[in-house]
Amino acid sequence: MGQLETILQRTFGYTRLREGQRPVMEQLMAGRDVLSVMPTGAGKSLCYQLPALAMPGITLVVSPLISLMKDQVESLIHCGVAAAYLNSSLTERQYALALRYAGEGRYKLIYVAPERLDTPGFLRFAATAPISMVAVDEAHCVSQWGQDFRPSYLKIPEFLQKLPRRPVVGAFTATATPEVRRDIARGLGLRDPFEIVSGFDRKNLFFAVEEPKDKRTALLKFLRQHKGESGIVYCNTRRTVDEVAELLCRDGWPAARYHAGLEPEERRRNQEAFVYGNCTIMVATNAFGMGIDKPDVRFVVHYNMPKDMESYYQEAGRAGRDGEDAVCLLLYGGKDVVTSRFLIELREENEEVSDEVYEARVRRDLERLRQMTFYCHTQECLRATILRYFGEKAPGNCGKCGNCVGSDMEDVTAEARVLLQTVDQSGQRFGMGRIIEIAAGGDTGAVAAWGLDRLAVYGRLASVPRDQLRAILRLLVAQDCLTQTEGQYPILELGPKAGEVLQGRQKLYLRRKRPPKGQKAEPVQEERTADEALLERLKAVRSRLARMRGVPAYVIFSDKTLREMSALKPTAVEQLRQVGGVGEYKQAQYGRDFVACVRNYLQEKE
Ligand code: ADP
Ligand code: ZN
């Protein structure tokens, strides 16, 4: 077993590194800068936490969000790791004390806000401390392209230059666009970075899209299927948030709301209620979520379609961070497109951009909106659609999304190829009806008159029903393999993606029937079955310990860990280590309480 695995097991209680984690860790430890793109929840933090423990010296983690720092540091401390944070939430005395301890080498990991990097006190510390690595979290904040630009991130390269010895630098983000990646490498002054995009497939998430007649009814129905679970409902405006939150509260759901129009005090209170567990449903705009690490979010419903796939996947990705099954449902409505388009084309009167810049931005955003809308309409596997968008390869049928489950996906690639050849061979001058006639071998006068019955493709698809051929042609248009001209008699021409299908690089699937939507995903792996009654008791123990220590419940153990524990029923503290998520520290701290709970339970059953 390697050094990384040893730390992984002893400190974090996990057995395996996830895909994409190992190369990042190995490069950092070999001293090479890294730019790692991983979606939310894929396990980015471990990519620098683990090397930080394996390497000599101190690791600085630059992070833009105070709540996130606090959360991570608390979790680390509960794994027995010496960690601290330095930001504006500390009083001057606390800050001075933390800095003094840092100087004494008491911490392996120090989280620091970017604003602190050029303050005299911090620089004095950094000048003499053995800093071996700087990890930059949410690294896209350095990009002036993105919407999360933070000027203080520009201080990072200056800071690195002031250090006596340049540490290795790891940059981490969930934003995959090439422009942003280039900005990060340049803006942070990375040296020949190892770049890797990984982990976009979240296997425990079930994706579904619905286009309901009435969203309110659809939402309430969905919630009834997920009673007792914690989740987020995203809406695109503050007003919708207020309406939906009111609807849910009136219907008796433990819901709260969150948007930028609320008083800071109410925002804080609602967020806390959600994280600490007495409010289980949060209705919010996209202002909510950044920096919320709550791992047991069981569903994310989008009440409106977001403006692009990046936003969608980031928000949906807040579900199921603990690796347990979770559902991401998008309630699509045609009005969502209109609203988004309006917002994209909106131009503030005093906005100081040239027409050229404005138009380029509108074009870019409309294209993103088009891709998002495509996701809502596609008949193909939703997971595959997402992964291809982010530049990862994906098989055509995941068997675990609204479009795959319960449906009968038929591979129509061969038929599609013949239809493309038909369009090509007949000179790209006919509409759908005529193309179908040729491929089906129809013997209308027009076909003969044009000599179309002499084409090699004539009659090749005679055995396929014509409405099926029409459906395939529509699919080809939707996939940009064919383009359809405007006007009264639209003509089919080969589209930009035709080659992908003709040369066998892309398969096409057609759905035979509408599948049931919003179901729960199949379990990812065979697991030992949980004992629900015991699980309830273990959760009670966890709540008690969390209250005593003043931390959120998941800092003690995740739902997944407790579920495994209820199945394994360990009666000795040593056995606990077989449960995923139980490291040495947690075993020592909480082991006795949980084992006692299991023993009592078993005795009562006898
Ligand atoms: P993010 O990429 O959003 O920063 P986190 O680092 O918070 O994600 O990780 C998400 C969850 O996955 C956390 O609960 C973390 O402990 C868990 N995790 C990360 N790596 C592993 C692993 N190799 N095995 C099991 N769980 C892991
Ligand atoms: Zn699928």
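Thresholds applied
- Residues numbered from 1 in each chain as written.
- Chains lettered and ligands numbered in written order.
- Predicted model: local features only at pLDDT ≥ 70, side-chain atom pairs only at ≥ 80, totals over all residues.
- Heavy atoms only, no water.
- Helix = DSSP H or I, 4+ residues; strand = E, 2+ residues; numbered from the N terminus.
- Rg over C-alpha atoms; globule rule 2.2 N^0.38 Å.
- Buried < 20%, exposed > 50% of the residue type's maximum accessible area, 1.4 Å probe, protein only.
- Areas by Shrake-Rupley, 256 points an atom, 1.4 Å probe, with all protein chains shown as cover.
- Lys, Arg positive; Asp, Glu negative; His and termini not counted.
- Charge placed at Lys NZ, Arg CZ, Asp CG, Glu CD.
- Near = heavy atom within 4 Å.
- Polar contact = N/O pair within 3.5 Å; in protein donor to acceptor, adjacent residues only side chain to side chain.
- Nonpolar A, V, L, I, M, F, W, Y, C, P; charged D, E, K, R; others polar.
- Salt bridge = Lys/Arg side-chain N within 4 Å of Asp/Glu carboxyl O.
- Domains from an automatic or database assignment.
- Contact = heavy atoms within 4.5 Å.
- Buried area = accessible area lost by both parts, 1.4 Å probe.
- Donors = N, O, S within 2.8 Å, 3.2 Å for Na, K, Ca; no water.
- Tetrahedral: all angles 85-135°; square planar, octahedral: opposite > 155°, others 65-115°.
- Pairing = 2+ DSSP bridges.
- Disulfide = S-S within 2.5 Å.
- Axes fitted to C-alpha atoms, helices over the stretch in contact; angles between N-to-C directions.
- Parallel < 35°, antiparallel > 145°, perpendicular 65-115°, else oblique.

## Some details on the overall build of the protein
Logical step 1: From N to C terminus, the protein includes 24 helices and 17 strands.
Logical step 2: For 606 residues, the compact-globule estimate of 2.2 N^0.38 gives 25 Å, and the C-alpha radius of gyration of the protein, at 27 Å, lies within 12% of that figure.
Logical step 3: Across its three principal axes, the protein shows a C-alpha extent of roughly 90 × 70 × 50 Å.
Logical step 4: Here the protein holds 606 residues, and 53% of them are scored as buried.
Logical step 5: Surface summary for the protein: the accessible area is close to 28,300 Å², and the carbon and sulfur share equals 48%.
Logical step 6: In the protein, 86 side chains carry a positive charge and 78 a negative one; their mean positions are 3 Å apart.

## Some words on the site of ligand 1
Logical step 1: The environment of ligand 1 is formed by 14 residues, the closest being Arg16, Gly41, Lys44, Ser45 and Arg321.
Logical step 2: Take Arg16: an N or O atom from its main chain is 2.7 Å from a nitrogen atom of ligand 1.
Logical step 3: Between ligand 1 and the protein, one listed contact pairs an oxygen atom with a side-chain N or O atom of Arg321 at 2.6 Å.
Logical step 4: Across the complex, the protein chains shield 81% of the 560 Å² of accessible surface that ligand 1 would expose by itself.
Logical step 5: A total of three residues in the shell around ligand 1 trace back to one element, the largest contributor, which is helix α3 (residues 44-54).
Logical step 6: By residue class, the composition of the shell around ligand 1 is five nonpolar, five polar and four charged.

## Things to note about the pattern of salt bridges
Logical step 1: Throughout the structure, instances matching the rule amount to 35 salt bridges.
Logical step 2: With a shortest N-O distance of 3.1 Å, Glu104 and Arg106 are connected by a salt bridge.
Logical step 3: Here Arg388 ties to Glu380 by a salt bridge, and the two come within 3.8 Å at their closest N and O atoms.
Logical step 4: Assessed through its relative accessible area of 35%, Arg388 is described here as partly exposed.
Logical step 5: When salt bridges that share partners are traced, they join Glu265, Arg268, Arg269 and Glu272 into one network.

## Details of the domain arrangement of the protein
Logical step 1: When the domains of the protein are assigned, the result is domain 1 (3-197), domain 2 (205-389), domain 3 (407-513) and domain 4 (532-605).
Logical step 2: Taking only C-alpha atoms, the centre of domain 2 and the centre of domain 4 are 34 Å apart.
Logical step 3: Contact with domain 2, which involves ten residues of that partner, is made by eight residues of domain 4.
Logical step 4: Interface area for domain 2 against domain 4, summed over the two sides, is near 690 Å², with a carbon-plus-sulfur share of 57%.
Logical step 5: When the area that domain 2 buries against domain 4 is broken down by residue, the three leading residues are Tyr276, Asp322 and Glu324, summing to 53%.
Logical step 6: The interface formed by domain 2 and domain 4 holds one residue pair in polar contact (both at pLDDT 80 or more) in total.
Logical step 7: In the side of domain 2 that touches domain 4, the residues fall into three nonpolar, one polar and six charged.

## Quick look at the coordination of the zinc ion (ligand 2)
Logical step 1: Binding of the zinc ion (ligand 2) to the protein goes through Cys381 (SG), Cys398 (SG), Cys401 (SG) and Cys404 (SG), at separations of 2.3 to 2.4 Å.
Logical step 2: Of note is the zinc ion (ligand 2), whose four donor atoms meet at the metal with angles of 100 to 119° in an arrangement that counts as tetrahedral.
Logical step 3: Read in sequence order, the donor residues for the zinc ion (ligand 2) give the motif C-x16-C-x2-C-x2-C. One end of the pair, Cys381, is in the loop between α14 (355-377) and α15 (382-389); the other, Cys398, is in the loop between α15 and β14 (409-411), and 17 residues separate them in sequence.

## Remarks on the pairing of strand β6 (residues 168-173)
Logical step 1: Within β6, six of the six residues are buried, leaving the element largely enclosed by the surrounding structure.
Logical step 2: Here β6 shows no split at all, with Val168, Gly170 and Phe172 on one side and Val169, Ala171 and Thr173 on the other all buried.
Logical step 3: Pairing of strand β1 (residues 34-37) with β6, which is carried by four bridges, proceeds in the parallel orientation. Bridge assignment links Leu35 to a residue of β6, and that residue is Ala171.
Logical step 4: Where strand β5 (residues 131-136) meets β6, four bridges bridge the pair, whose relative direction is parallel. Each residue of the ladder has a partner; that of Ala135, found in β6, is Gly170.

## Thoughts on the state of the cysteines
Logical step 1: Summed over the entire model, instances satisfying the criterion amount to zero disulfides.
Logical step 2: Among the cysteines around Cys47, which has no disulfide bond, Cys79 carries the closest sulfur, lying 16 Å off.
Logical step 3: With no disulfide of its own, Cys141 has Cys47 as its nearest cysteine by sulfur position, at a separation of 18 Å.

## Some thoughts on the sheet that holds β6
Logical step 1: Spatially, β3-β4-β2-β5-β6-β1-β7 is the arrangement adopted by the seven strands of the open sheet, whose pairing is parallel. Edge positions in the sheet fall to β3 (83-86) and β7 (194-197), since each of these pairs with one other strand and no more. Across the sheet, the axes of successive neighbouring strands diverge by a mean angle of 15°, strand direction being ignored.
Logical step 2: In this structure, β1 lies alongside β7, joined through four bridges in parallel fashion.

## Brief notes about the pairing of β3
Strand residues, when the strand is regular, have side chains that alternate between the two faces of the sheet.
Logical step 1: Residue alternation in β3 divides its side chains into two sets, Ala83 and Tyr85 and Ala84 and Leu86, and both sets are buried.
Logical step 2: Summarising the sheet, β3 and strand β4 (residues 109-112) pair through four bridges and their orientation is parallel. Bridge pairing links Leu86 to Val112 in β4.

## A word on unusual backbone geometry
Logical step 1: In this structure, Glu138 is a non-glycine residue whose phi angle is positive, near 50°.
Logical step 2: Topologically, Glu138 is positioned in the loop between β5 and α7 (155-162).
Logical step 3: Since its relative accessible area comes to 10%, Glu138 is described here as buried.
Logical step 4: One non-glycine residue, Lys569, lies in positive phi territory at about 50°.
Logical step 5: Take Lys569: it is sitting in the loop between α23 (559-568) and α24 (584-605).

## Quick word on the packing of helix α12 (residues 309-316) against α14
Logical step 1: Two elements in contact, α12 and α14, have axes separated by 8 Å at closest approach and are oriented at 55°. Taken as axis vectors, α12 and α14 run oblique relative to one another. Every residue of α14 that contacts α12 at Met309, Glu310 and Tyr312 is listed here: Arg368, Gln371, Met372 and Tyr375.
Logical step 2: Residue composition of the contact of α12 with α14, by class: four nonpolar, one polar and two charged.

## Here we look at the sheet that holds strand β9 (residues 231-234)
Logical step 1: Sheet architecture is open: six strands sit in the order β8-β13-β12-β9-β11-β10, paired in parallel fashion. Of all the strands in the sheet, the pair left with one neighbour each is β8 (205-210) and β10 (255-258). Averaged over all neighbouring strand pairs, the angle between strand axes comes to 15°, with direction disregarded.
Logical step 2: The pairing of β10 with strand β11 (residues 281-284) spans four bridges and is parallel. Residue Arg257 lies in a different strand from β11, and its bridge partner there is Val283.
Logical step 3: The strands touched by helix α11 (residues 264-276) are β9, β10 and β11; relative to β10, the strand with the most contacts, the crossing angle is about 135°.

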